[in-house]
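Examination of the molecular architecture
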Amino acid sequence: MPATRRLIRVTGTVQGVGFRPFVYRHATALELTGSVRNDSAGVFIDVEGEPARISELARLLVEDPPPLASVGSVTFEDAEPLGRPGTFRIVASDDAGSTRTVPVSVDTATCADCLAEVDDPADRRYRYPFTNCTNCGPRYTIVLRVPYDRPSTTMADFVMCDACRREYDDPQDRRFHAQPNACAECGPRLTWRAPDGAARADGDEALRIAVELLRSGGVVAVKGIGGYHLAVDATDVAAVRELRRRKARDDKPFAVMVRDLADARQRCDLDERAVAALVDPRRPIVLAPRRAGAAVAEGVAPGLPDLGLFFPYSPLHHLLLAGVDRPLVMTSANSSDEPIAHDDDDAVARLGPIVDGLLTHDRRIHIRCDDSVARAAGGHLQLLRRSRGYAPEPLPLPFPTAAPVLAVGGELKSTVSVVRGDEVVTSHHIGDLEHLATWQSFRQAVEHLPALYGVTPEIVAHDLHPEYLSTKFAFDLDLPSVAVQHHHAHVASCMVEHGRREPVVALAFDGLGYGPDGTLWGGEVLVADYAGYERAAHLRPVQMPGGAAAIREPWRMALVWARAAGRSDPDQLGLAPAGLDATAVHAVADLVDRGGGRPTTSVGRLFDAVAVLLGCRKHVTYEAQAAIELEALARAVDRDDARSFAEDVPFADGVLDPAPLVDRIVEERARGIPAAVLAAAFHESIGLATARVAHDLARARDIDAVVLTGGVFQNVRLSEIVVRELDRSGLTVLTHERVPPNDGGLSIGQAAIAAFGAGR
Ligand SMILES: [Zn+2]
Ligand SMILES: [Zn+2]
Ligand SMILES: [Zn+2]
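Residues numbered from 1 in each chain as written. Chains lettered and ligands numbered in written order. Predicted model: local features only at pLDDT ≥ 70, side-chain atom pairs only at ≥ 80, totals over all residues. Heavy atoms only, no water.

When helices and strands are counted, the protein shows 22 helices and 31 strands. Computed over its C-alpha atoms, the radius of gyration of the protein comes to 27 Å, within 12% of the 27 Å expected for a compact globule of 760 residues. Scored against the burial criterion, the 760 residues of the protein give a buried share of 59%. Look at the contacts in the protein between residues 6 or more apart in sequence, and 71% of them connect residues 24 or more apart. Here the protein displays about 27500 Å² of accessible surface, and carbon together with sulfur accounts for 49% of that area. Counting 82 positive and 104 negative side-chain charges, the protein places the averaged centre of each group 2 Å from the other. (Helix = DSSP H or I, 4+ residues; strand = E, 2+ residues; numbered from the N terminus. Rg over C-alpha atoms; globule rule 2.2 N^0.38 Å. Buried < 20%, exposed > 50% of the residue type's maximum accessible area, 1.4 Å probe, protein only. Contact = heavy atoms within 4.5 Å. Areas by Shrake-Rupley, 256 points an atom, 1.4 Å probe, with all protein chains shown as cover. Lys, Arg positive; Asp, Glu negative; His and termini not counted. Charge placed at Lys NZ, Arg CZ, Asp CG, Glu CD.)

Another point: the coordination of the zinc ion (ligand 3). As a benchmark, a tetrahedral metal site with four donors has ideal angles of 109.5 degrees, while an octahedral site with six donors has ideal angles of 90 or 180 degrees. Within the protein, the zinc ion (ligand 3) binds to H486 (NE2), H490 (NE2), D510 (OD) and D743 (OD); these donor distances fall in the range 2.1 to 2.2 Å. Around the zinc ion (ligand 3) sit 4 donor atoms, and with donor-metal-donor angles ranging over 88 to 167° the site reads as irregular. Between the donor residues of the zinc ion (ligand 3), the gaps in sequence give the motif H-x3-H-x19-D-x232-D. Of this pair, H486 sits in helix α13 (residues 486–497) while D510 sits in strand β23 (residues 504–514), and the two are 24 residues apart along the sequence. Its relative accessible area of 0% is what places H486 among the buried residues. (Donors = N, O, S within 2.8 Å, 3.2 Å for Na, K, Ca; no water. Tetrahedral: all angles 85-135°; square planar, octahedral: opposite > 155°, others 65-115°.)

On to α13. Over its 12 residues, α13 runs 17 Å from end to end, which matches the ideal 16 Å to within 8%, given 1.5 Å per residue. Counting buried positions along α13 gives 12 out of 12 residues, so the element sits mostly inside the fold. Regarding α13, the residues found buried are H486, H487, H488, A489, H490, V491, A492, S493, C494, M495, V496 and E497. By the N-cap criterion, in which a side-chain oxygen at the helix start approaches the backbone nitrogen of a residue two or three places on, α13 is capped by Q485, the distance to H487 being 2.8 Å. Backbone geometry just after α13 places G499 at a positive phi near 65°. (Expected span 1.5 Å × (residues − 1). Polar contact = N/O pair within 3.5 Å; in protein donor to acceptor, adjacent residues only side chain to side chain.)

For the rest of this paragraph, the subject is the coordination of the zinc ion (ligand 2). At this site the zinc ion (ligand 2) is bound by C161 (SG), C164 (SG), C183 (SG) and C186 (SG), with donor distances of 2.2 to 2.4 Å. Considering all 4 donor atoms around the zinc ion (ligand 2), the spread of angles at the metal, 104 to 118°, places the coordination shape in the tetrahedral class. The sequence pattern formed by the donor residues of the zinc ion (ligand 2) is C-x2-C-x18-C-x2-C. Taken together, the residues C164 in helix α4 (residues 162–169) and C183 in the loop between α4 and β6 (190–193) connect sequence positions 19 residues apart. Assigned by exposure class, C164 and C183 land together as buried.

This paragraph deals with the nonpolar core. Judged by nonpolar contacts, the single largest core of 74 residues is most densely connected at V505, W561, F607, F682 and L726. For this core, the element with the highest residue contribution is helix α20 (residues 675–701), accounting for 14 residues. The contacts of F682, once residues within four sequence positions are left out, are L606, F607, V610, L630, L661 and I665. (Core = buried A, V, L, I, M, F, W, Y, C linked by side-chain atoms within 4.5 Å.)

All right, on to the side chain of T415 then. Turning to its location among the elements, T415 is positioned in the loop between β18 (405–407) and β19 (417–420). A distance of 2.8 Å separates polar atoms of two side chains, one belonging to T415 and the other to S747.

Below, the discussion takes up the environment of L656. Structurally, L656 can be placed in strand β29 (residues 655–656). Spatially, the C-alpha atoms of L656 and P284 are 37 Å apart, while their sequence positions differ by 372 residues. Setting aside residues up to four positions removed in sequence, L656 forms contacts with H538, L539, R540, V649, P650, F651, A689, T690 and V693.

A word on the packing of helix α18 (residues 625–634) against α20. Contact pair α18 / α20: the axes reach a minimum separation of 7 Å and the direction vectors enclose 105°. If you check the angle between α18 and α20, you find them roughly perpendicular. Across the interface between the two elements, L630, E631, L633 and A634 of α18 pack against A675, A676, A679, A680, F682 and H683 of α20. A breakdown of the residues in the contact of α18 with α20 according to their chemical character gives 8 nonpolar, 1 polar and 1 charged. (Axes fitted to C-alpha atoms, helices over the stretch in contact; angles between N-to-C directions. Parallel < 35°, antiparallel > 145°, perpendicular 65-115°, else oblique. Nonpolar A, V, L, I, M, F, W, Y, C, P; charged D, E, K, R; others polar.)

A word on unusual backbone geometry. A cis amide bond links A391 to the next residue, P392, at an omega of 5°. Summarising the element assignment, P392 is placed in the loop between β16 (380–385) and β17 (395–396). Located in the positive-phi region is A624, a residue other than glycine, with phi close to 70°. Note on placement: A624 falls in the loop between α17 (603–613) and α18. According to the relative accessible area criterion, A624 is partly exposed, its value standing at 28%.

What follows concerns the sheet that holds strand β3 (residues 42–49). Taken together, 5 strands build an open sheet; the order of strands is β4-β1-β3-β2-β5 and the sheet is mixed. The sheet terminates laterally at β4 (70–79) and β5 (88–90), the two strands that pair on one side only. Taken pair by pair, the neighbouring strands of this sheet meet at an average axis angle of 15°, ignoring direction. Sheet topology places strand β2 (residues 33–39) next to β3; 7 bridges connect them, and they run antiparallel. Its bridge partner being in β3, G34 is matched across the sheet by V47. Strands in contact with helix α1 (residues 19–29) are β1 (4–13), β2, β3, β4 and β5; relative to β5, the strand with the most contacts, it is inclined by about 170°. Contacts between helix α2 (residues 51–63) and the sheet are confined to β1, β3 and β4, with β3 contributing the most and set at about 160° to the helix. (Pairing = 2+ DSSP bridges.)

Attention now goes to the domain arrangement of the protein. According to the domain assignment, the protein consists of domain 1 (4–100), domain 2 (190–373) and domain 3 (385–500 + 741–758). When each unit is reduced to the centre of its C-alpha atoms, the spacing between domain 1 and domain 3 is 34 Å. (Domains from an automatic or database assignment.)

Burial runs high along strand β14 (residues 357–361): 5 of the 5 residues are buried. Here β14 shows no split at all, with G357, L359 and H361 on one side and L358 and T360 on the other all buried. Bridge count for β6 against β14 is 4 bridges, and the pairing is antiparallel. In the sheet register, W192 faces β14, and the bridge partner there is L359. Note that strand β8 (residues 220–223) and β14 share 3 bridges and pair parallel.

All right, on to the packing of aromatic side chains then. Taken as a whole and judged by the stated rule, the model has 12 aromatic pairs. Consider the rings of F509 and F713, whose centres lie 5.4 Å apart with planes at 20°: the pair is stacked. Here F713 lies in the loop between β30 (705–709) and α21 (716–728) and F509 lies in strand β23, a separation of 204 residues in the sequence. Comparing F509 with F713 shows no difference in burial state: the two are buried. Ring pairs connect the aromatic residues F399, Y530 and F756, which therefore count as one cluster. The ring of Y313 has R388 lying over it, and the distance from NZ or CZ to the ring centre is 3.6 Å. Lying across the ring of W521, R535 places its NZ or CZ 3.8 Å from the centre. (Phe/Tyr/Trp six-rings, centres within 6.5 Å; stacked < 30°, edge-to-face > 60°. Lys NZ or Arg CZ within 6 Å of the ring centre and 35° of its normal.)

Before going further, it helps to examine the pattern of salt bridges. Summed over all chains, the structure comprises 58 salt bridges. The shortest N-O distance in the salt bridge between E117 and R175 comes to 2.5 Å. Taken as a pair, E117 in helix α3 (residues 112–119) and R175 in the loop between α4 and β6 lie far apart in primary sequence, 58 residues in all. With respect to class, E117 is no different from R175; both count as buried. Linked through salt bridges whose partners overlap, the residues forming this network are D113, E117, R124, R125, E167, R174 and R175. (Salt bridge = Lys/Arg side-chain N within 4 Å of Asp/Glu carboxyl O.)

What follows is the structure, encoded as structure tokens:
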């Protein structure tokens with residue numbers, strides 16, 4: 001049979017993931033000739049041989065690519081056969097900076113092959129904590145610049161030994177062009193440091209000291225892939241209490257790293273999706289219901305029914321867990337929503353005073369990257385924090401774009417995004433910008449991300465809120481700017497992940513976002529697409545007395561909603577006896593009566609209010625803590641048994657008024673109906689009432705899809721009620737999966753809206 005020749009182009013995340021050796025191995029096995037190389041668009045293959053064998057190669061590219069590759073497209077072109085004799089070759093990249101536009105891949109958990117080596121006393125990588133290969137290891141967190149090769153990473157500090165170099169140069173080897181390739185001979189080393197930073201031991205001895213300390217209740221800082229963790233034995237009540245005391249801040253839950261599935265199942269009830277997420281090489285923290293009697297200290301997640309579990313994702317984690325032989329609290333080493341510590345000097349300065357020692361190493365972390373957080377909700381997995389393992393993987397935009405855009409996100413849970421070609425690339429989770437260290441991290445991300453992707457932004461997109469630091473930053477950039485309304489951005493972010501182009505009806509419920517009328521929105525029913533939005537309906541506005549104080553002290557919102565429901569005597573609401581000063585309560589009541597506080601339509605604040613009225617906490621140490629307790633309270637009641645007072649949420653003239661519902665809840669509570677029953681009824685009522693509004697609007701406008709977005713839809717129970725109702729009526733419901741419903745998704749929506757506008 002005469003030979004044919006085909007030129008094959010593969011796009012997507014196909015560099016730095018072992019794609020060329022993969023092609024080489026198969027082409028050689030199939031006795032094809034030609035070459036493969038990286039270029040500016042991805043991977044280019046020029047192959048010649050029997051047509052059936054070329055088809056087989058093509059099939060493998062599409063159906064069975066290397067594990068870390070994410071193939072965007074494979075296109076073919078016929079060419080004149082050259083009749084070249086010889087073999088198949090890997091050609092060096094045509095550099096000249098042209099690989100600049102190729103995506104950087106994500107940090108990936110240690111693969112089974114590498115783990116087997118780490119566990120094998122006969123292997124030269126036995127117990128080596130930095131073992132990796134082309135199928136696993138750090139990527140985004142070590143990249144300084146592109147093109148992605150060793151000198152452009154923090155591995156440039158290490159010169160490969162002969163054995164490592166041979167692996168690196170051999171196309172048949174699993175470590176061919178694995179940029180972080182290393183061994184104990186030539187690679188990064190562990191160091192044990194005293195709290196004052198003094199080096200005390202290194203290598204396996206450093207690890208042994210850390211294990212000993214953890215086993216005896218100590219607090220250890222551990223340098224990982226994206227930053228430092230603070231570690232303690234998760235089953236040791238005193239150690240966990242001590243960690244909380246030393247961090248001296250709030251009740252935020254700690255994540256727990258477990259060795260394997262058996263261990264995970266002892267702590268939490270895991271469904272199929274949760275298991276799939278735990279074993280996924282992206283290794284998110286997975287929230288799942290804690291099992292009754294599970295051996296985990298109560299202080300790990302105070303007052304919460306869920307635990308955040310995750311699996312080890314570096315060889316160091318595996319060795320540490322094997323040594324301690326207990327689950328470990330592994331919480332980001334930071335205070336409040338400051339960025340995770342990642343720089344060694346900074347770690348000693350910030351963490352030294354609160355730890356018994358630091359298990360550190362000499363591979364620099366260039367981009368700090370917190371652990372991602374996911375939970376199973378409504379039949380799929382939903383990311384609540386999209387960071388390590390997911391950033392900076394691009395998402396396709398469902399329309400062609402005309403200009404490169406930088407989107408600077410919001411204020412809390414900050415991320416930034418760039419539009420490049422027809423994709424949007426989003427940074428790691430940066431945090432809350434009000435902290436100086438987070439602000440510096442934001443500045444770094446805004447520089448680094450466009451540079452990494454070879455994007456020179458021509459437009460900057462930002463939130464409408466004039467006081468957000470990100471907005472002020474955007475104004476200082478000297479670029480044409482696009483202000484995007486907060487909830488419109490939430491809606492667009494959800495449309496992007498579903499590839500939706502046509503208009504949608506959207507329920508955008510969250511804490512707060514700036515409205516064009518200067519009030520604080522947060523309970524919005526929008527009709528929207530990328531070109532614009534209409535505020536078709538919203539929650540009844542009430543005052544928010546004391547601004548940010550109303551977020552920290554949800555009893556203020558309880559007072560406001562009770563008064564909206566006609567219950568004007570604060571002493572009858574049961575607020576004062578629970579540790580509140582009656583004078584303070586009356587002062588806020590007076591403020592509300594005088595019309596003080598900005599108007600808000602926030603559903604998040606309504607949940608806060610009802611939580612307090614049902615006896616949940618009156619002060620919170622992190623946003624939505626009371627609302628999370630309310631959802632937990634409702635879990636005691638099966639959804640099928642939940643009562644509904646949806647008729648007490650009247651809708652007229654575009655305003656949904658929950659005041660009668662609040663009134664009824666207070667009244668039934670006073671009659672002695674259990675708080676759990678009323679918490680369930682509240683969820684049911686708000687879910688049914690808002691689903692009805694969305695449904696009627698969709699039918700009236702002839703729209704077939706409803707988006708659920710905003711931080712309130714992290715509430716699984718509420719989401720499931722709304723989804724069930726809308727599903728029943730035949731509407732398509734679009735919920736968040738890969739993009740967080742909270743403000744971590746804002747920059748994606750902003751980027752899409754600005755890019756769409758620029759293309760028209
Ligand atoms: Zn590996
Ligand atoms: Zn080596
Ligand atoms: Zn928001």
